[in-house]
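Examining the three-dimensional arrangement
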Amino acid sequence: MPSRPDGIIIAIDGPSGAGKSTIARLLAERLGYIQIDTGAMYRAAALLLSLATVDLEDLAAVEKFCKTLDIRLELDSGRQVVRGNGTDVTDLIRSPEMSLLTSQTSSLRPVREALLKAQQQMGSRGGVVLEGRDIGTVVFPDAEIKFYLSASVAERARRRCEELNSKGETVSFAETVVDVEKRDLQDTARDIAPLRQAEDALLIDSSRLSIDDVLNSMEALCRHKIDNMGVSP
Ligand code: DC
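Every value quoted in this text rests on a predicted model; they were computed, and no experiment measured them. (Residues numbered from 1 in each chain as written. Predicted model: local features only at pLDDT ≥ 70, side-chain atom pairs only at ≥ 80, totals over all residues. Heavy atoms only, no water.)

The next point concerns the pairing of strand β6 (residues 128-132). Within β6, 5 of the 5 residues are buried, leaving the element largely enclosed by the surrounding structure. With burial as the criterion, each face of β6 is covered, one bearing Val 128, Leu 130 and Gly 132 and the other bearing Val 129 and Glu 131. Direction of pairing for strand β2 (residues 34-37) relative to β6: parallel, over a ladder of 4 bridges. Paired with Ile 34 across the strands is Val 128, a residue of β6. (Buried < 20%, exposed > 50% of the residue type's maximum accessible area, 1.4 Å probe, protein only. Helix = DSSP H or I, 4+ residues; strand = E, 2+ residues; numbered from the N terminus. Pairing = 2+ DSSP bridges.)

Let us now look at the side chain of Arg 156. Tracing the sequence through the fold places Arg 156 in helix α7 (residues 153-166). In this structure, Arg 156 is in contact with Pro 15, Ser 16, Gly 17, Ala 18, Ala 151, Val 180 and Asp 184, ignoring residues within four places of it in sequence. (Contact = heavy atoms within 4.5 Å.)

Taken together, 15 residues surround the ligand, and among them Arg 43, Arg 112, Asp 134, Arg 183 and Arg 190 come closest. The side chain of Arg 112 places a nitrogen or oxygen atom 2.9 Å from an oxygen atom of the ligand. Take Arg 183: an N or O atom from its side chain is 2.6 Å from an oxygen atom of the ligand. Burial of the ligand by the protein chains amounts to 97% of its free accessible area of 450 Å². Elements with a contribution of two residues or more to the shell around the ligand: α2 (38-51), α4 (96-105) and α8 (173-189). At 4 residues, the largest contribution of residues to the shell around the ligand is made by α2. (Near = heavy atom within 4 Å. Polar contact = N/O pair within 3.5 Å; in protein donor to acceptor, adjacent residues only side chain to side chain. Areas by Shrake-Rupley, 256 points an atom, 1.4 Å probe, with all protein chains shown as cover.)

On to helix α9 (residues 211-229), then. Taking 1.5 Å of rise per residue, the 19 residues of α9 would be expected to cover 27 Å, and the 27 Å separating its terminal C-alpha atoms lies within 8% of that figure. For α9, every residue scored as buried is listed here: Val 214, Leu 215, Met 218, Glu 219, Cys 222 and Ile 226. Take α9 and look down its axis: the buried residues cluster within an arc of 120 degrees, on one side only. For α9, the exposed residues lying more than 90 degrees away from the buried face are His 224, Asp 227 and Asn 228. Looking at the buried positions of α9, the neighbouring elements they touch are β1 (9-13), α1 (20-31), β7 (145-150) and β8 (202-205). (Expected span 1.5 Å × (residues − 1). Arc of directions from axis to C-beta.)

Right, let's talk about the layout of surface pockets for a bit. Empty space within the second largest pocket amounts to approximately 220 Å³. Contributing to the lining of the second largest pocket are Met 41, Cys 66, Lys 67, Leu 69, Asp 70, Ile 71, Ala 114, Leu 115, Lys 117, Ala 118, Gln 121 and Met 122. Ranked by residues supplied to the lining of the second largest pocket, first place goes to helix α5 (residues 109-123) with 6 residues. Looking at the lining of the second largest pocket residue by residue, the class counts come to 8 nonpolar, 1 polar and 3 charged. (1 Å grid on protein atoms, 1.4 Å probe; cavity = no way out; pocket = protein on both sides within 12 Å on 5 of 7 lines; lining within 4 Å. Points joined across faces, edges and corners; volume = space filled by probe spheres on them. Nonpolar A, V, L, I, M, F, W, Y, C, P; charged D, E, K, R; others polar.)

Another point: unusual backbone geometry. Despite not being glycine, Ser 77 has its phi angle at roughly 50 degrees, a positive value. One non-glycine residue with positive phi stands out, namely Ala 193, at about 45 degrees.

Within β1, 5 of the 5 residues are buried, which leaves the element mostly enclosed by the surrounding structure. Alternating residues of β1 divide into Ile 9, Ala 11 and Asp 13 and Ile 10 and Ile 12, and every residue in both groups is buried. Sheet topology places β1 next to β7; 4 bridges connect them, and they run parallel. Looking across to β7, one finds that Asp 13 is bridged to Tyr 148.

For the rest of this paragraph, the subject is the sheet that holds β2. Overall, parallel pairing links the 5 strands, which are arranged β2-β6-β1-β7-β8 in an open sheet. Strand pairing shows two members of the sheet lacking a second neighbour, β2 and β8, which therefore form its edges. For this sheet the average axis-to-axis angle between neighbouring strands, irrespective of direction, equals 20 degrees. Contacting β2 and β6, α2 runs over the sheet at an angle of about 40 degrees to β2. Contacts from α9 reach β1, β7 and β8, with the element oriented near 170 degrees to β7. (Axes fitted to C-alpha atoms, helices over the stretch in contact; angles between N-to-C directions.)

The strand order across the open sheet formed by 3 strands is β3-β4-β5, and the pairing between neighbours is antiparallel. The open sheet is flanked by β3 (71-76) and β5 (87-88), the only strands paired with a single partner. Strand direction decides the pairing type here: strand β4 (residues 79-84) and β5, joined by 2 bridges, are antiparallel. Note that in β5 the partner of Arg 83 across the bridge is Asp 88. Where α2 meets the sheet, its contacts fall on β3 and β4, and the angle it forms with β3 comes to roughly 120 degrees.

This is how it looks when you write it as structure tokens:
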């Protein structure tokens, strides 16, 4: 197993709305690790591509644009900030439209290649919780611990609805179910780095579990792994 200066690599993959972001943030906090939200990076890339009106059918143009991408995840007074080519895009990347666009742009090879490199660099020292779709399968297949966090479509749609409604956006449950199913299909059916559970990932179905239940069992497993690696968090 690789030894890394800052700790182990924890990979959390799974479909949208399974609770990965919340769990990854809290788990990273508990372990004193850095959270890397790779979905936010794909969202920032999608936003920048659309603002620059890059033709998504023209892969050469997409590739050229991706060479200029500079996406950073920063902590600003405890708040996670996503910066895309210098601009704070944290809130802009969270709309339902951007979710659907991201699902589309994240299937493009130049986008994946650019972000794969960036993510591998960001996580190489260890001491990180990476969440996404292909962390355990492609980005860090040698991650010391891998989770696949899932939940039923209905439960994920219910959570997404609640989240958007709490932000003042009116969305219906039925619409959200369609969105969730569409994104699941796009994420699992794409050719490059599709969403799938790594063979050595631990499956957790969060449909009927509280955040605390999920978090406590994940933390216990991570601590056990960290202790056995002789690396302190
Ligand atoms: O986790 P999220 O919903 O913020 O992710 C947004 C989109 O980015 C999602 O449709 C899938 C894509 N994504 C990906 O393809 N690979 C990742 N490692 C993370 C996200």
